[in-house]
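Each chain is listed here by its residues.
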Amino acid sequence: ILNVEQSPQSLHVQEGDSTNFTCSFPSSNFYALHWYRWETAKSPEALFVMTLNGDEKKKGRISATLNTKEGYSYLYIKGSQPEDSATYLCASFNAGNNRKLIWGLGTSLAVNP
Amino acid sequence: GAGVSQSPRYKVAKRGQDVALRCDPISGHVSLFWYQQALGQGPEFLTYFQNEAQLDKSGLPSDRFFAERPEGSVSTLKIQRTQQEDSAVYLCASSSSENYGYTFGSGTRLTVV
């Protein structure tokens with residue numbers, strides 16, 4: 001059974017702060033790691049799909065790293081803005097799991113102006 | 001269409017009533033997934049289609065749940081004899097490839113009273 005865990009569960013930061021969250025996942029049979037951003041009353045939005053150990057991806061002020069050997073990924077937000085407030089979900093895609101994404105419970109980020 | 005469309009957005013059903021939830025994926029996306037998200041939880045996998053073939057239905061919680069995608073495009077999730085524990089947001093997502101993120105619909109919020 002795959003378990004994907006995210007920490008912290010919630011985070012409150014001030015505008016301009018940089019922050020990061022962790023996603024941990026079992027490393028065996030790893031295929032891909034997805035990050036999504038989910039704003040209230042909207043659909044989850046794909047941020048990154050990462051497959052290779054050592055991958056680093058960047059989208060504006062948001063970046064992510066991947067370590068498949070130890071089973072973790074970090075999501076970084078540089079200079080947080082109020083519009084970054086959302087729940088950030090990660091999900092692991094396991095090659096032996098018939099294409100099912102196994103989701104973490106998310107990190108809820110609130111950025112205070 | 002430009003995105004994944006789900007209907008209805010909201011559905012209130014009396015306990016014991018049958019409901020049907022519709023998903024229109026992005027044109028050309030072969031993969032289609034249904035997820036259930038209960039309050040305060042991450043999305044839970046229900047079922048997966050590749051074109052018209054239902055490759056995995058292991059997440060369907062009971063035999064009251066049934067999904068189909070007869071022509072490999074629109075999918076319908078049917079819940080028979082709804083129970084209160086079926087109350088959740090039902091999300092549909094489609095993808096063109098395992099190497100790309102999923103595009104989610106806005107979801108259908110089902111409330112069983």
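Going by the structure above, here's the rest.
On a predicted model such as this, the values are computed, not experimentally measured, just so you know. (Residues numbered from 1 in each chain as written. Chains lettered and ligands numbered in written order. Predicted model: local features only at pLDDT ≥ 70, side-chain atom pairs only at ≥ 80, totals over all residues. Heavy atoms only, no water.)

Asks: I would appreciate a short explanation of the nonpolar core in the present structure.
Replies: Side chains that are nonpolar tend, in soluble globular proteins, to be buried together. Counting residues in hydrophobic clusters, the biggest one holds 23 residues, and the most contacted among them are A:Leu33, A:Trp35, A:Phe48, A:Leu75, A:Tyr88 and A:Leu109. Contributions of two or more residues to this core are made by strand S2 (10–14), strand S3 (19–24), strand S4 (30–38), strand S5 (45–50), strand S7 (62–67), strand S8 (72–77), strand S9 (86–94) and strand S11 (107–112) of chain A. Excluding anything up to four places from it in sequence, A:Leu109 contacts A:Leu11, A:Val13, A:Thr19, A:Phe21, A:Ile77, A:Asp84, A:Ser85, A:Ala86 and A:Tyr88. Core analysis: the second largest hydrophobic core is formed by 20 residues, B:Ala13, B:Leu32, B:Phe65 and B:Tyr90 among them. (Core = buried A, V, L, I, M, F, W, Y, C linked by side-chain atoms within 4.5 Å. Buried < 20%, exposed > 50% of the residue type's maximum accessible area, 1.4 Å probe, protein only. Helix = DSSP H or I, 4+ residues; strand = E, 2+ residues; numbered from the N terminus. Contact = heavy atoms within 4.5 Å.)

Asks: What am I meant to see in the state of the cysteines here?
Replies: Two cysteines joined by a covalent bond between their sulfur atoms form a disulfide. Residues and elements named next belong to chain B. Applying the stated criterion across every chain, the model contains 2 disulfides over all chains. A sulfur-sulfur separation of 1.9 Å characterises the disulfide bridge that pairs Cys23 with Cys92. Every disulfide takes its handedness from the sign of the S-S torsion; for Cys23 and Cys92 that torsion is -65 degrees, giving left-handed. Here Cys23 is found in strand S3 (residues 19–24), whereas its partner Cys92 is found in strand S9 (residues 88–95), with 69 residues between them in sequence. On the basis of relative accessible area, Cys92 is assigned to the buried category, the value being 0%. (Disulfide = S-S within 2.5 Å.)

Asks: Help me understand unusual backbone geometry, please; the structure alone is not making it clear to me.
Replies: Leaving glycine out, the prevailing phi sign among residues is negative, and the prevailing peptide bond configuration is trans. With an omega of -5 degrees, the peptide bond running from A:Ser7 to A:Pro8 counts as cis. Assignment of secondary structure puts A:Pro8 in the loop between strand S1 (5–7) and S2. For the peptide bond that leads from B:Ser7 to B:Pro8, omega is -5 degrees, which places it in the cis range. Mapped onto the fold, B:Pro8 is located in the loop between strand S1 (5–7) and strand S2 (10–13). Unusually for a residue other than glycine, A:Asn29 sits at a positive phi of about 55 degrees.

Asks: Quick question: what am I supposed to make of the pattern of salt bridges here?
Replies: Side chains that differ in sign of charge can pair as their charged atoms come close. All names here are of chain A. Applying the stated criterion across every chain yields a total of 7 salt bridges over all chains. For Glu39, the salt bridge is made with Arg37, and the minimal N-O distance between the two is 2.7 Å. For Glu39, a relative accessible area of 22% puts it in the partly exposed group. Classification of Arg37 as buried rests on a relative accessible area of 12%. Connected through shared salt-bridge partners, Arg37, Glu39, Glu45 and Lys59 make up one network. (Salt bridge = Lys/Arg side-chain N within 4 Å of Asp/Glu carboxyl O.)

Asks: Sorry, what's going on with the sheet that holds S3(B) here?
Replies: The strands making up a sheet associate through backbone hydrogen bonding, with each pair oriented either parallel or antiparallel. Residues and elements named next belong to chain B. The strand order S1-S3-S8-S7 describes an open sheet built from 4 strands, whose pairing is antiparallel. At either margin of the open sheet sits one strand with a lone partner, and together these are S1 and strand S7 (65–68). In this sheet, neighbouring strand axes are inclined to one another by 15 degrees on average, regardless of whether the strands run parallel or antiparallel. Examined bridge by bridge, S3 and strand S8 (residues 75–79) share 5 bridges and lie antiparallel to one another. If you follow Val19 over to S8, its bridge partner there is Ile79. (Pairing = 2+ DSSP bridges. Axes fitted to C-alpha atoms, helices over the stretch in contact; angles between N-to-C directions.)

Asks: Please explain the environment of B:Ala93 as it appears in this structure.
Replies: All names here are of chain B. Relative to the helices and strands, Ala93 is located in strand S9. Under the relative-accessibility criterion, Ala93 is labelled buried at 0%. Setting aside chain neighbours within four positions, we find Ala93 in contact with Ser31, Leu32, Phe33, Tyr102, Thr103 and Phe104.

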